[in-house]
Amino acid sequence: MSISATIKSIQDIMRKDVGVDGDAQRLSQLVWMLFLKIFDDRETEWEILQDNYQSPLPEPYRWRNWAANAEGMTGDALKSFLDNELFPSLQQLPAKGGDQRAYVIRSVFEDAYNYMKSGQLIRQVINKIQEGVDFNKAQERHLFGDMYEQLLRDLQSAGNAGEFYTPRAVTEFMVRMVNPRLGEKVMDPACGTGGFLSCAIEHIRKQDVKTVDDEAQLQASIFGIEKKPLPHLLCTTNMILHGMDVPSNIRHDNTLARPLISWTPKDRVDVIVTNPPFGGMEEDGIETNFPASFRTRETADLFLVLIMQLLKAGGRAALVLPDGFLFGEGIKTRIKEKLLAECNLHTIVRLPNGVFAPYTGIKTNLLFFSKGAPTQQIWFYEHPYPPGVKSYNKTKPMKIEEFAAEAAWWGSEADGFSQRVENPQAWQVSLADIQARNYNLDCKNPHVGEQEIHDPEQLLAQYQTMQADIAALRGQLKNILAQALADRRA
């Protein structure tokens, strides 16, 4: 049975349990169980590779000792063990000799909960995980990314707005173009389930890691912060799967809840790759952590201001932002003015519709910039659909091969991207032109004229896209008006 089929089978069992109410609880239940199974698989590996390996878990609470035996504890005994022994112990897990693994486990279980009421059904779920998931097999580790996507689709249907899967092709392209190297600190301040960080780990390992010391240096240089408990747990699990022995730099926190000026030079990093949540509004008071001229409750805008603060001089960033940021006015204009004054916003890749389907219909862009020198001109690259494709969907997602043309065109920032030339997808706009447009970055491709389309399917797809864009704009306008009213009352 495939991992996806195993997960579906597990969720079918959970639906029979009266204690699990809806997809969000079902996922939370599944994820802490998967974490313990995956941790046990890694412990098997550490026991082979490390002399005198000592588990941070007390023996009764290791997966192999209470869960692995299909004929083991079940019914009321299992339910009582989880509620009265396992959870209280792991939520207060002491660190032996400062073992950071214990802190990681404790942070995972601080927000976890056993929702299931039936010990018999819990045993069925555990047995499915035990027989269907072995992350000591390299192929199954690779397939875990596919399982993440399925879990995130379920999260979306559970109504957790703002959490959506960034396609692997997009994360891989962004990381490859930013090119993090060994010795550089890499951060995602809104890391979700860790897609960008896992891509960065793979990229640096492939490029630079040759020795055990190199690997230790890499593991100490990956940083992530996630606000919500379930994605944080998924990210921690993902990091362990990607060979991070102790992912203690993956913190459960709200990055925006800290005053901007409190991020000092010692906190700064070399590389940031992220897809900050957009379209959402931060809780009351968060905006007061930022200077008055940049105060807004629009999450993506606050993250961009924070990223500028977090980068070292010469640091590089790549992030996903919606069209609304490019043409937005007011506070957005001031943020763009700051960005172009303090950073070299050298490239904006304009993505086509459907890249983030089915999570959102909002059109998105990839912004690439480095800190320390002002912007002189911005290159735009309009990413086309591949031949024969009119839109992306669940069965036909974007593929990394589609970015081959951008990668070949990209060039090097060291020589000012001197090898770049305009083509039907690429054009550049000067800083003077951007300023004359009042920092409106919604620059259309000058090489594409108005084309009359008669294909009914294409027209219908365009109509659906327009409807989605209108709905997104309506939401943005509501947020702007709500903010304006709040400002007037204040």
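Residues numbered from 1 in each chain as written. Predicted model: local features only at pLDDT ≥ 70, side-chain atom pairs only at ≥ 80, totals over all residues. Heavy atoms only, no water.

1. Some words on the pairing of strand β5 (residues 311-322)
Phase 1: For β5, the buried fraction is high: 9 of the 12 residues fall into the buried class.
Phase 2: Pairing between strand β4 (residues 269-274) and β5: 5 bridges, direction parallel. Its bridge partner being in β5, Thr274 is matched across the sheet by Leu319.
Phase 3: Where β5 lies against strand β7 (residues 364-371), 7 bridges are found, and the strand directions are antiparallel. Pairing of Leu321 across the sheet is with Asn365, part of β7. (Buried < 20%, exposed > 50% of the residue type's maximum accessible area, 1.4 Å probe, protein only. Helix = DSSP H or I, 4+ residues; strand = E, 2+ residues; numbered from the N terminus. Pairing = 2+ DSSP bridges.)

2. Section: the packing of aromatic side chains
Phase 1: By the definition in use, this model includes 21 aromatic pairs.
Phase 2: Geometrically, the ring pair formed by Trp46 and Tyr53 is tilted, given 5.9 Å between the ring centres and 45 degrees between the ring planes.
Phase 3: According to the relative accessible area criterion, Trp46 is buried, its value standing at 1%.
Phase 4: Between Phe380 and Trp427, the aromatic rings sit 5.5 Å apart at their centres with planes inclined by 10 degrees, giving stacked as the arrangement. Residue Phe380 is found in strand β8 (residues 377-382), and its partner Trp427 is found in strand β9 (residues 426-430); the two are separated by 47 residues along the sequence. When sorted by exposure, Phe380 lands in the same class as Trp427, which is buried.
Phase 5: In this structure an aromatic cluster arises from ring pairing among Phe173, Phe368, Trp379, Tyr381, Phe403, Trp409, Trp410 and Phe417.
Phase 6: Taking the ring centre of Trp46 as reference, the NZ or CZ of Arg101 above it sits at 4.2 Å.
Phase 7: Taking the ring centre of Trp263 as reference, the NZ or CZ of Arg258 above it sits at 3.9 Å. (Phe/Tyr/Trp six-rings, centres within 6.5 Å; stacked < 30°, edge-to-face > 60°. Lys NZ or Arg CZ within 6 Å of the ring centre and 35° of its normal.)

3. Some thoughts on the pattern of salt bridges
Phase 1: This structure, assessed with the given rule, holds 26 salt bridges.
Phase 2: Glu47 is the salt-bridge partner of Arg62, the closest N and O atoms lying 2.7 Å from each other. Here the residue Arg62 occupies a position in the loop between α2 (23-49) and α3 (63-66), and Glu47 occupies one in helix α2, the gap between them amounting to 15 residues.
Phase 3: In this structure, Lys338 and Glu342 form a salt bridge, with 2.9 Å as the shortest nitrogen-oxygen distance. With Lys338 and Glu342 both in helix α14 (residues 331-342) and 4 residues apart, the pair spans about one turn of that helix. (Salt bridge = Lys/Arg side-chain N within 4 Å of Asp/Glu carboxyl O.)

4. Focus: the environment of Lys266
Phase 1: Locating Lys266 in the fold gives a position in the loop between β3 (250-252) and β4.
Phase 2: Note on Lys266: relative accessible area 66%, which makes it exposed.
Phase 3: When the C-alpha positions of Lys266 and Leu310 are compared, they lie 9.6 Å apart, and in sequence the two are 44 residues distant.

5. As for the nonpolar core
Phase 1: Judged by nonpolar contacts, the single largest core of 87 residues is most densely connected at Phe173, Leu304, Leu345, Leu366, Phe368 and Phe369.
Phase 2: Broken down by element, the residue count for this core peaks at 9 residues, all from helix α12 (residues 299-310).
Phase 3: If we ignore the near neighbours within four places in the chain, the residues touching Leu345 are Leu339, Leu340, Leu367, Phe368, Phe369, Thr375, Gln377, Ile378 and Leu441.
Phase 4: Ranked by size, the runner-up nonpolar core spans 46 residues in total, among them Ile7, Ile122, Ile129 and Leu241. (Core = buried A, V, L, I, M, F, W, Y, C linked by side-chain atoms within 4.5 Å. Contact = heavy atoms within 4.5 Å.)

6. Examining unusual backbone geometry
Phase 1: The phi dihedral of Asn179 is positive, around 55 degrees, even though this residue is not glycine.
Phase 2: Along the chain, the position of Asn179 falls in the loop between α8 (168-178) and β1 (186-188).
Phase 3: Residue class for Asn179 comes out partly exposed when judged on its relative accessible area of 26%.
Phase 4: In this structure, Asn438 is a non-glycine residue whose phi angle is positive, near 55 degrees.
Phase 5: By the element assignment, Asn438 lies in the loop between α16 (431-436) and α17 (456-489).
Phase 6: We classify Asn438 as partly exposed; its relative accessible area is 44%.

7. Quick look at the confidence of the model for the protein chain
For residues with low pLDDT, the predicted coordinates do not support detailed interpretation.
Phase 1: Scored by pLDDT, the protein chain has a mean of 86; 87% of the residues are at 70 or more.
Phase 2: The secondary structure element of the protein chain with the lowest average pLDDT is helix α7 (residues 138-157), at 59, and the one with the highest is β4, at 98.
Phase 3: A low-confidence stretch, residues 158-162 (pLDDT under 50), is modelled with 6 contacts involving residues beyond four sequence positions or located in other chains. (pLDDT = per-residue confidence, 0-100.)

8. Regarding helix α5 (residues 100-110)
An α-helical turn contains 3.6 residues, so any two residues separated by three or four positions project in the same direction.
Phase 1: Among the residues of α5, Arg101, Ala102, Val104, Ile105, Val108 and Phe109 are the ones counted as buried. The arc enclosing the buried residues of α5, seen along the axis, measures out at 160 degrees, which places them on a common side.
Phase 2: Each element contacted by the buried residues of α5 is listed here: α2, α4 (75-91) and α11 (229-241). (Arc of directions from axis to C-beta.)

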